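Next come the chains, spelled out residue by residue.
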Amino acid sequence: MGARTLATQSMGGLARSRVTPNALTASGVLLCAAASVFVYFEYRHELLFFWLGAVVFVVGSVLDILDGALARLSGKGTPFGAFLDSTTDRVSEGFMLGAIALVFARHDRTFALAIDVAAVAGSFLVSYARARAEALGLRGDVGIGSRAERVVVITAGLVLAPWGALPWAIYLLAATAWFTVGQRVLHVRRQLGSR
């Protein structure tokens, strides 16, 4: 929530420009795709490609925050834009977690690879649980593992990957994602129980 507030406050000039929220969305997903390619090439120069991937992933993810802020502030938002934004968020995260899975496979880290797959499923279910709750007219945005937190965990894992931290970041990501799914299911259950 703090990141979104800061983004909204810094969007004044951009809101008056011709830049559209969909342009930011497209830029964000393309940068996240490029970041995942950099991570894949870590075998050529571990420190360089992990760090380059981390920086580009953060920039792409920030654009994913700014597109929503721009839509709200400028009045340029559309229902399709909101749909596109939430869909490309999953694509961006899927690209990066897929690249990390390929790195684990290259280094014969079978357990970390399995947990990475669980992290992908959990991350997608976090978003699905929120969307499904909101489709029922309920709040579904509770929990500790929203997208902003997942971006922070992935980025920290990439930055510290040359020192062996990437598997641990993925373990944390998977655990918090699935815990958040549970939180959202229980939250929806409580809301429905009060009706």
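Computed from a predicted structure; not experimentally measured.

About the criteria used
Residues numbered from 1 in each chain as written. Predicted model: local features only at pLDDT ≥ 70, side-chain atom pairs only at ≥ 80, totals over all residues. Heavy atoms only, no water. Helix = DSSP H or I, 4+ residues; strand = E, 2+ residues; numbered from the N terminus. Buried < 20%, exposed > 50% of the residue type's maximum accessible area, 1.4 Å probe, protein only. Contact = heavy atoms within 4.5 Å. Areas by Shrake-Rupley, 256 points an atom, 1.4 Å probe, with all protein chains shown as cover. Core = buried A, V, L, I, M, F, W, Y, C linked by side-chain atoms within 4.5 Å. Phe/Tyr/Trp six-rings, centres within 6.5 Å; stacked < 30°, edge-to-face > 60°. Lys NZ or Arg CZ within 6 Å of the ring centre and 35° of its normal. Patch = residues over 30% accessible without salt bridge, like charges linked within 9 Å, V, L, I, M, F, W, Y side chains within 5 Å. Salt bridge = Lys/Arg side-chain N within 4 Å of Asp/Glu carboxyl O.

Observations concerning the overall build of the protein
- Secondary structure assignment for the protein yields eight helices and zero strands.
- The secondary structure elements of the protein, listed N-terminal to C-terminal, are α-α-α-α-α-α-α-α.
- A burial count over the protein gives 41% of its 195 residues as buried.
- Expressed as a percentage of contacts within the protein between residues at least 6 apart in sequence, the contacts between residues at least 24 apart total 81%.
- Accessible surface for the protein amounts to roughly 10,300 Å². Of this, 70% is attributable to carbon and sulfur atoms.

A closer look at the nonpolar core
- Counting 26 residues, the largest nonpolar core has Val39, Met96, Ile100, Ile154 and Leu158 as its most contacted members.
- For this core, the secondary-structure elements that each account for two or more residues are helix H3 (21-40), helix H4 (46-74), helix H5 (79-106), helix H6 (110-135), helix H7 (147-159) and helix H8 (166-193).
- Apart from the residues within four sequence positions on either side, methionine 96 is in contact with Ala35, Ser36, Val39, Gly53, Phe57, Ile154 and Leu158.

Details of the side chain of serine 92
- Within the secondary structure, serine 92 is located in helix H5.
- By relative accessible area, serine 92 is classed as buried at 0%.

With respect to the packing of aromatic side chains
- In total, this model carries eight aromatic pairs according to the counting rule given.
- Pairing tyrosine 40 with phenylalanine 41 gives two aromatic rings, centres 5.3 Å apart and planes at 80 degrees, and the pair type is edge-to-face.
- Look at phenylalanine 41 and tyrosine 43: their rings are 6.0 Å apart centre to centre, the planes differ by 40 degrees, and that puts the pair in the tilted class.
- On the accessibility criterion, phenylalanine 41 (26% relative accessible area) is partly exposed.
- Cluster of aromatic residues (ring-pair linked, three or more members): Tyr40, Phe41, Tyr43 and Phe49.
- Over the aromatic face of tyrosine 40 sits the side chain of arginine 106, whose NZ or CZ is 4.5 Å from the ring centroid.

With respect to a nonpolar patch on the surface
- Judged by side-chain polarity, Leu47, Trp51, Val159, Leu160 and Trp163 come together as a nonpolar surface patch covering roughly 490 Å² of accessible area.
- Position of valine 159 among the secondary structure elements: in helix H7.

A closer look at the environment of phenylalanine 111
- Mapped onto the elements, phenylalanine 111 comes out in helix H6.
- The class of phenylalanine 111 is exposed, set by a relative accessible area of 55%.
- Along the primary structure phenylalanine 111 and proline 167 are separated by 56 residues, whereas in three dimensions their C-alpha atoms are 9.0 Å apart.

Considerations on unusual backbone geometry
- For aspartate 108, which is not glycine, the phi dihedral falls at a positive 55 degrees.
- Within the secondary structure layout, aspartate 108 lies in the loop between H5 and H6.

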